[in-house]
Amino acid sequence: MSGAAPSGATQHPGSDHPWLPDLNWAPVAPFWAAAREQRLVFPRCGRCGRFQWYPQDMCPDCRVMAFEWAEVSPSGYVFSHTTLRRSFVPHFDNLLPLEIGLIKFVHAPGVTLVTNVLDTPAGGVHIDAEVTIVFPEVAPGVNLPMARLC
Amino acid sequence: MSTSSTTSKNSTMSRNSLTDAISIVGVGESTYRRRSSEPVTGLITGAVKAAVEDAGLSLDEVDGIVTDSTIGPVIMPADELAANLGLPDRVFHAQMSTGGSGVVGAPMLAAQAIASGMAETVVCYFGVDWGSSAGGPYQFHGTDPYKATLEMPFGFYGQPIYFAPVVRRYAHQYGLTEEQLANVAISTRAWAALHPGAMKRTPLTLEDYRSSPVLADPLRVLDCCLLTDGGAAYVMTSTERAKDLRHKPVKVSGVSFSSSRVSSHSYLSQHEDYLSTQAQVTGPRAMEMAGVTPEDVDFLEIYDCFTISCLLQAEDLGFAPKGAGASLFADGNAAPGGRLPINTHGGLLSHAYVLGIAHVVEAVRQLRGGCGERQVPDAEVGLVSGYSGWEHSSLVLTA
Ligand SMILES: [Zn+2]
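All values derive from a computational prediction rather than experimental measurement. (Residues numbered from 1 in each chain as written. Chains lettered and ligands numbered in written order. Predicted model: local features only at pLDDT ≥ 70, side-chain atom pairs only at ≥ 80, totals over all residues. Heavy atoms only, no water.)

Judged by side-chain charge, Arg86 of chain A together with Arg34, Arg35 and Lys200 of chain B come together as a positively charged surface patch. Within the element layout of this structure, Arg35 of chain B appears in the loop between β1 (22-29) and α2 (40-55). Classification of Arg35 of chain B by relative accessible area gives exposed; the value is 56%. (Patch = residues over 30% accessible without salt bridge, like charges linked within 9 Å, V, L, I, M, F, W, Y side chains within 5 Å. Areas by Shrake-Rupley, 256 points an atom, 1.4 Å probe, with all protein chains shown as cover. Salt bridge = Lys/Arg side-chain N within 4 Å of Asp/Glu carboxyl O. Lys, Arg positive; Asp, Glu negative; His and termini not counted. Charge placed at Lys NZ, Arg CZ, Asp CG, Glu CD. Helix = DSSP H or I, 4+ residues; strand = E, 2+ residues; numbered from the N terminus. Buried < 20%, exposed > 50% of the residue type's maximum accessible area, 1.4 Å probe, protein only.)

Encoded structure:
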């Protein structure tokens, strides 16, 4: 994909969240703009309908370059998960232990959303657990899609 | 062990002009430490010099260099290596894949250069300073914009964190106990205990494993490879010429590379075939090229960045049904004295984390014989499995 690489660590004034995405990085910018509006969108091929995550230029199935951002239902399920005990991302220590989920969506096959599972009791997350995606504002103007158990 | 297969090898159709065309004739390694007092460039240069001396050749005869395309050239570009070694004329210089699949698959490139007459003596080198450098192996992924944007805000960063959900999913799909995973670490350490050059040589118990800290459930520190400063190299030439050199030639009988339809950006979170590796393609292909079957293979050297990745590849290569890789490590089957030895130097888990090149070096030593306490009896066929996530190489070496 074109576009300069994101700047990486974005310590944001007014936020405790240790690592924020670069909202302006072109290949993914529409994803964050939709999250700001509490909507979940992924690139879908305008020709064959394949969902492609992470974004790339050409659809590997039908080999056309016609991706559009399509809104999908925020209902998903846990494909796998882990509890982070030691973080390799700086400044996460206050958030540990942190539940990380790989979330899949029945209506967006091929997409896995890497995110955190919110407000989970110990041992509360399990494979196939149903979740809904919510969009908490973790820093001014920055909403991250996160999973909440149904 | 596999003498019965020798005749059938020659009748297999897929043996081709590169089968047995080249041999590995020299190996060299630096010492392996968590933090080396020497620069990594010095470690690599010394390992290459040692490998060429081991072959009984002169550095003036080295006319080709191969390494992986991503890590080796950043740590030490080939021209810098050649300048240090005073190589007079490099006629061949190539790079292949990333890390493990590159340094295990490199004989594929060398074989073509040597068989065509383009080059005569090709060195494969590799080294890392990931034991001491800031960010270590994690930095490799930290510079990926997709990971930085879509994964790091959620704490999903660093290879141990990528593999923890793989273990979970595998356990869900196939069943996997703590003890089965521990067996991989314990078996591998038992081999390292017999290798004077291994970084971790104290034998492990199940109790040691259970008290090892959890990094990301259910993955423990003892499920992870070491962090190492070190370098290694091996020397290749035609099998014809190899017959006149110092050591018994170790033939490159089969070599295969494959990439999946996933790029490094998307690996490991978006990998559709989440519990498989491209070893499922390269293993059978490389064995076919060599004219051998899994039953002929006397030992395996598998890229064991994590205990789980060792199981996945062992299955994909065809040595156990999918989901049953742990059976290879049950009852000491993969340990010293076992039926199918795996990672006889101690692997990435206990020997050193130099991304697969030490696996090649060890396979060569086993096939030459003379490995002392850790020698696999009658070793004639060894398979090296080189993993780099979305890509994989298999290398069949024979005595
Ligand atoms: Zn398409």
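Under the counting rule described, the total for this entry stands at 18 aromatic pairs over all chains. With a centroid separation of 5.5 Å and an interplanar angle of 80 degrees, the aromatic rings of Trp53 of chain A and Tyr54 of chain A are classed as edge-to-face. Per residue, the accessibility class of Trp53 of chain A equals that of Tyr54 of chain A, and both read buried. Note on Phe88 of chain A and Tyr138 of chain B: the rings are 4.3 Å apart at their centroids and 40 degrees apart in plane angle, and the pair reads as tilted. Taken together, the residues span two chains, with Phe88 of chain A in the loop between β3 (75-84) and β4 (98-104) and Tyr138 of chain B in the loop between β4 (122-129) and α6 (139-142). For Phe88 of chain A, a relative accessible area of 15% corresponds to the buried category. (Phe/Tyr/Trp six-rings, centres within 6.5 Å; stacked < 30°, edge-to-face > 60°.)

Residue and element names in this part refer to chain B. Taken together, nine strands build an open sheet; the order of strands is β3-β2-β4-β7-β1-β8-β11-β10-β9 and the sheet is mixed. Taken across any chain shown, the strands that pair with only one partner, and hence form the sheet edges, are β3 (92-95) and β9 (299-302). Along the sheet, successive strands turn relative to each other by an average axial angle of 25 degrees, direction set aside. Where β4 meets strand β7 (residues 229-238), eight bridges bridge the pair, whose relative direction is antiparallel. Residue pairing across strands places Phe126 opposite Ala232, the latter belonging to β7. Where helix α4 (residues 78-85) meets the sheet, its contacts fall on β2 (64-67), β3 and β4, and the angle it forms with β2 comes to roughly 135 degrees. Sheet strands in contact with helix α12 (residues 279-290) are β8 (250-259), β10 (381-388) and β11 (391-398), and its direction is about 150 degrees off that of β8. (Pairing = 2+ DSSP bridges. Axes fitted to C-alpha atoms, helices over the stretch in contact; angles between N-to-C directions. Contact = heavy atoms within 4.5 Å.)

A word on the coordination of the zinc ion. The reference angle at a metal is 109.5 degrees if four donors form a tetrahedron and 90 or 180 degrees if six donors form an octahedron. Residue and element names in this part refer to chain A. Of the protein atoms, only Cys45 (SG), Cys48 (SG), Cys59 (SG) and Cys62 (SG) coordinate the zinc ion, at distances of 2.3 to 2.4 Å. For the zinc ion, the four donor atoms in the first shell make angles of 96 to 117 degrees at the metal, a pattern classed as tetrahedral. Each donor residue of the zinc ion belongs to the same chain, and together they define the spacing C-x2-C-x10-C-x2-C. Pair noted here: Cys45 is in strand β1 (residues 41-45) and Cys59 is in the loop between β1 and β2 (67-71), with a separation of 14 residues, a long-range link. (Donors = N, O, S within 2.8 Å, 3.2 Å for Na, K, Ca; no water. Tetrahedral: all angles 85-135°; square planar, octahedral: opposite > 155°, others 65-115°.)

Here we take up the pattern of salt bridges. When charged atoms on two side chains of opposite charge get close, those side chains can pair. The full count for this structure, using the stated rule, is 20 salt bridges over all chains. Measuring nitrogen to oxygen at the nearest pair gives 2.7 Å for the salt bridge that ties Glu29 of chain B to Arg365 of chain B. Residue Glu29 of chain B is located in strand β1, and its partner Arg365 of chain B is located in helix α15 (residues 357-368); the two are separated by 336 residues in the primary sequence. Through salt bridges with shared partners, one network takes in Arg50 and Asp61 of chain A together with Arg261 and Glu272 of chain B.

This paragraph deals with the interface of chain A and chain B. Taken together, the 44 residues of chain A in the interface contact 32 residues of chain B. Summing both sides of the interface, chain A and chain B together bury roughly 3,400 Å²; the carbon and sulfur share of this comes to 64%. Here chain A is connected to chain B by three salt bridges. Asp217 of chain B is the partner of Arg85 of chain A in a salt bridge, and the nearest nitrogen-oxygen pair spans 2.7 Å. Linking chain A to chain B there are 18 residue pairs in polar contact (both at pLDDT 80 or more). At the level of secondary structure, the elements contributing two or more residues to the side of chain A that touches chain B comprise α1 (29-36), β3, β4 and β5 (112-118) of chain A. Among the elements that make up the side of chain A that touches chain B, the one with the highest residue count is β3 of chain A (six residues). Of the residues in the side of chain A that touches chain B, the class split is 29 nonpolar, nine polar and six charged. (Buried area = accessible area lost by both parts, 1.4 Å probe. Polar contact = N/O pair within 3.5 Å; in protein donor to acceptor, adjacent residues only side chain to side chain. Nonpolar A, V, L, I, M, F, W, Y, C, P; charged D, E, K, R; others polar.)

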